[in-house]
Amino acid sequence: MILGRYGLASTRPSLVLTRLLVRGLHPSAVHGVGNAASSSAPPPPPASTTATTAPTTTANEIPMSGAPGLAPFPSHYLSHVSVLDTRHLDRIDAPVLATHSARIAMALRDWASLSSSDKASSTSLESAGDLLDQLHHVLLLHARTGNTEMVTQLIQLASTAGLPLDARIHNDRLLALCRARSSPINTALTAFHDMKAANLANGYSLAIMVDGLCKHGRVYRALELLDDWDATAPSPSLRVQQHHRQQQQLQIPQPAFTSILAGLARSRDYNACWKLYHRMQLNHSLPDEVTYSTMISVCASTGDVEKALSMFDTMRASNMFPTTATINALLMAMSKRKDYAPQALHFYSQCLAADFVPDDRSMAYLMGAARRAQNWTHIGTAVWAEATRRDLVTDHVRAQALWAVSVEQAATRQLLPQSSTDTILAGLDRSALPLPLANAFLATHFPYAGDAGLAYFFDHMPVKDGMSYRLALSYCMELQQSSNPDDSGSTTTDASLDVQSAFADLTDRSSQAQERRKAGVRVWKAWEQWYDGLQASCSAHVSATRKADAHAPRDAVAAAYLASHTMTRAVLYKLVSTMTNGIAVDSPRRAVALLFKYVRDRGVRIDRADFARLEWHVNRVHRSGDDPEVLGMWEGLVEQYSVKADRLGTELKRLRRKKEHVLK
């Protein structure tokens with residue numbers, strides 16, 4: 001009666017159902033209760049999620065020539081599959097929401113004006129239930145935007161009107177507190193504990209709370225909250241005696257696990273991620289589309305493409321619909337491996353036939369496949385044309401394209417025309433590029449511009465990370481200057497990036513080489529100063545994280561923080577080896593001393609094969625008699641700090657290589 005007057009008599013909107021389907025909050029979560037295990041039987045795709053038909057793509061737009069010895073991706077792999085388009089589910093129409101908010105406020109005021117006898121009538125009770133449904137819908141949309149003020153006003157208005165507020169309304173308030181940017185997450189955590197004390201919290205309250213904690217970087221606190229909830233749940237024998245609705249309220253819903261899995265993946269704690277995934281399957285619920293997409297991303301991060309494809313097969317066998325996130329996760333997985341990179345393009349073509357609508361991430365992963373295949377000329381240019389045609393060129397796509405240019409130049413030892421770089425960076429100010437894009441530009445800039453690349457590094461990159469220093473140091477200590485193929489004085493269109501024999505340049509004492517090595521020392525000193533500051537900020541970050549989340553493992557938090565600045569153990573090792581090999585040309589003793597400092601203070605383990613250049617110079621000065629003690633220093637360093645592979649370790653490596661070969 002009241003709802004029809006204000007146009008609010010419609011049932012739950014399909015947008016909410018869509019949101020719950022693809023983000024792990026099942027439709028039963030709208031009422032605050034539900035069977036978390038219901039994800040194994042997927043509902044039909046809602047009308048609002050039907051993928052729009054992708055523009056027709058011909059076979060010539062994406063190259064279909066795989067690497068030698070690799071068959072194309074199986075043509076029947078995505079037969080009878082339709083990909084759900086989930087790109088725009090986060091959008092909220094603000095004017096429409098404001099209109100619905102005004103209408104629900106008027107409906108609540110009219111309800112408050114009714115007499116007690118009118119409210120007690122059967123028709124009024126039915127209207128009260130519908131009014132609560134619509135109030136929940138409006139509150140949910142406001143809560144997703146973190147609008148705590150509007151949520152609080154509407155709840156106070158409903159309370160004043162005498163509506164019986166159920167678990168849904170309290171969960172909406174909790175979601176608003178978790179999404180609010182102005183209030184700390186501890187405010188939401190306090191509200192959650194208050195709900196538990198008042199017996200108002202249910203499984204979906206837990207799902208909302210752990211999702212908020214994970215989005216605020218407190219994933220281990222969320223995991224502790226889940227463990228506490230699981231430990232205090234009644235035993236199965238008691239659950240049998242309870243009402244079915246109470247059983248549902250006490251269960252941990254599947255979205256709670258999915259949120260923590262995503263948080264652990266962002267923290268790079270993959271072991272904990274897999275443990276929780278198996279625990280969820282054994283004791284609680286089956287994975288849904290969002291969970292599968294998350295775990296496929298975990299497989300991609302660890303380079304396990306076979307496992308990612310296996311999980312996708314399991315998902316399809318469970319009659320679940322792949323989403324945009326699922327396909328992007330698979331494209332990312334394939335782009336991580338050189339042997340799968342050409343197949344990523346075949347897979348993408350099949351996805352287009354299955355109504356897949358790509359986004360900018362899809363283009364970035366496809367360009368990453370071109371980078372991994374070391375083929376900008378054919379694959380990269382085709383992907384660039386596809387991204388341009390679909391208007392999906394972003395900074396991430398540009399960065400991957402520049403890296404594709406760089407790695408092809410390194411692989412073929414031929415400079416590509418500089419017009420490729422100019423096309424990728426068209427319309428951008430090269431002196432104010434974002435850091436990932438600036439690093440990619442630096443990788444292509446050194447071969448063309450030589451020492452001008454160092455000027456760009458020192459003068460136009462106020463913010464740097466580990467990759468920036470690695471590129472600059474490699475140019476100074478390893479690479480030789482190459483001419484620009486686009487220079488007016490150049491007689492050829494492609495200049496050779498000839499890599500000389502392993503030790504041909506070890507005694508290069510030309511003034512040009514010495515100046516480059518001096519510039520390399522400048523780069524190294526700048527890096528050491530930056531790295532000391534990074535270590536200090538990392539310690540502060542770890543302390544702050546553990547203060548807020550006492551269960552966060554120190555090593556995992558530190559590793560994730562350093563990785564966010566591209567300063568992993570592998571990058572540190574590359575920087576140290578490049579620097580020591582470079583300065584060994586002029587002073588082997590100084591190089592050995594520098595290496596000893598980092599193996600002692602930073603825990604670097606030496607692989608002797610990576611320091612062949614340093615060893616060659618050590619032997620040179622030892623034979624010449626210039627420094628007879630340096631050989632003993634080097635041998636002692638290798639003996640104490642080198643990576644020693646015993647016979648068993650060597651056999652294990654051989655078996656692993658054989659296993660990988662069989663899997664391929």
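Shown above is the structure to which this text applies.
Overview of the structure. (Residues numbered from 1 in each chain as written. Predicted model: local features only at pLDDT ≥ 70, side-chain atom pairs only at ≥ 80, totals over all residues. Heavy atoms only, no water.)

By the definition in use, this model includes 16 aromatic pairs. Measuring from ring centre to ring centre gives 5.4 Å for Tyr-469 and Trp-530, while their planes differ by 35°; the resulting arrangement is tilted. One end of the pair, Tyr-469, is in helix 25 (residues 466-477); the other, Trp-530, is in helix 26 (residues 511-548), and 61 residues separate them in sequence. Among the residues examined, Trp-530 registers a relative accessible area of 18% and is labelled buried. Cluster of aromatic residues (ring-pair linked, three or more members): Phe-457, Phe-458, Tyr-469 and Trp-530. The ring of Trp-274 has Lys-307 sitting right over it, with the charged end atom 3.9 Å from the ring centre. Of note, Lys-464 hangs over the ring of Phe-457, and the distance from its end group to the ring centre comes to 5.1 Å. (Phe/Tyr/Trp six-rings, centres within 6.5 Å; stacked < 30°, edge-to-face > 60°. Helix = DSSP H or I, 4+ residues; strand = E, 2+ residues; numbered from the N terminus. Buried < 20%, exposed > 50% of the residue type's maximum accessible area, 1.4 Å probe, protein only. Lys NZ or Arg CZ within 6 Å of the ring centre and 35° of its normal.)

Taking the largest bend as the criterion, helix 23 (residues 435-449) deviates by roughly 30°, centred on Ala-443, and proline Pro-447 comes between one and four positions later. Across the 15 residues of helix 23, 12 count as buried, placing the element largely inside the fold. Tucked into the core, helix 23 has its buried residues touching helix 21 (395-412), helix 22 (419-424), helix 24 (452-459) and helix 25. Directly beyond the C-terminal end of helix 23, a positive phi value near 60° is found at Gly-450. (Bend = angle between axes of the 7 residues up to and from the residue. Contact = heavy atoms within 4.5 Å.)

The tally for this structure, following the rule as stated, stands at 19 salt bridges. Between Arg-337 and Asp-339 there is a salt bridge, and its shortest N-O distance comes to 3.2 Å. Given a relative accessible area of 17%, Arg-337 falls into the buried group. Close ionic contact of Glu-629 with Arg-589 constitutes a salt bridge, the shortest N to O distance being 3.5 Å. Highlighted residues: Glu-629 in the loop between helix 30 (612-624) and helix 31 (630-641) and Arg-589 in helix 29 (residues 588-601), separated in sequence by 40 residues. Looking at Glu-629, the relative accessible area reads 56%, which means it is exposed. Given a relative accessible area of 34%, Arg-589 falls into the partly exposed group. Each of Asp-133, Asp-166 and Arg-168 takes part in one network of salt bridges that share partners. (Salt bridge = Lys/Arg side-chain N within 4 Å of Asp/Glu carboxyl O.)

Shape is all these values report; function is a separate question.
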